[in-house]
Amino acid sequence: MRTRYIQKEGKMYAYSDYVEKFGKPQQRVASNNSHIIVKKSFDAYESPSSGEVVSNYAQRKEDLARTDCVEYDPEMKTEQMNNVKADDAKIDSLVDETVEREFAVMPAIKKEKLVNEMASTELEYTRN
């Protein structure tokens, strides 16, 4: 169970004790020039990299640093997919070059057998 605390004159009071002793605290309104950072809290989760439970931002930052990880950014997935496509295109190009080179130096009899074999299958193939 969480307990709220309030600090007054250098002492910490549990919220219920504070209300009993001083009454309900007044709400403070932030001025326009104050530098207040509000972070949305999150549910505790088990870190996929370390297996430890992370329940606040400080633990999260520490876990990321300790496991040499970075915060997930949705653009990472896009970048990764683009890298995969580029790698696939490179591999396809190398395979095509190899096939064309081997076909070019293949004896005529072998070429004829290969063409006949491919004609008898239901596979679709193209040559540029």
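Colleague: Can you walk me through the side chain of Asp63 in this structure?
Modeller: Of note, Asp63 is situated in helix H2 (residues 57-66). We classify Asp63 as buried; its relative accessible area is 4%. Contact partners of Asp63, with chain neighbours within four places excluded, come to Ser47, Ser49, Ser50 and Val54.

Colleague: What should I look at first to understand unusual backbone geometry in this one?
Modeller: With glycine set apart, most residues show a phi of negative sign, and most peptide bonds adopt trans. Of note in this structure, Asp68 is not a glycine but carries a positive phi near 55 degrees. Summarising the element assignment, Asp68 is placed in the loop between H2 and helix H3 (74-105). On the accessibility criterion, Asp68 (72% relative accessible area) is exposed.

Colleague: Which parts of the structure should I look at to understand a negative patch on the surface?
Modeller: A grouping of Asp87, Asp88, Asp92, Asp96 and Glu97 is seen on the molecular surface, where their side chains present a negatively charged patch. Secondary-structure assignment places Asp87 in helix H3. Classification of Asp87 as partly exposed rests on a relative accessible area of 47%.

Cut-offs used in this document
- Residues numbered from 1 in each chain as written.
- Predicted model: local features only at pLDDT ≥ 70, side-chain atom pairs only at ≥ 80, totals over all residues.
- Heavy atoms only, no water.
- Helix = DSSP H or I, 4+ residues; strand = E, 2+ residues; numbered from the N terminus.
- Buried < 20%, exposed > 50% of the residue type's maximum accessible area, 1.4 Å probe, protein only.
- Contact = heavy atoms within 4.5 Å.
- Patch = residues over 30% accessible without salt bridge, like charges linked within 9 Å, V, L, I, M, F, W, Y side chains within 5 Å.
- Areas by Shrake-Rupley, 256 points an atom, 1.4 Å probe, with all protein chains shown as cover.
- Salt bridge = Lys/Arg side-chain N within 4 Å of Asp/Glu carboxyl O.
- Lys, Arg positive; Asp, Glu negative; His and termini not counted.
- Charge placed at Lys NZ, Arg CZ, Asp CG, Glu CD.

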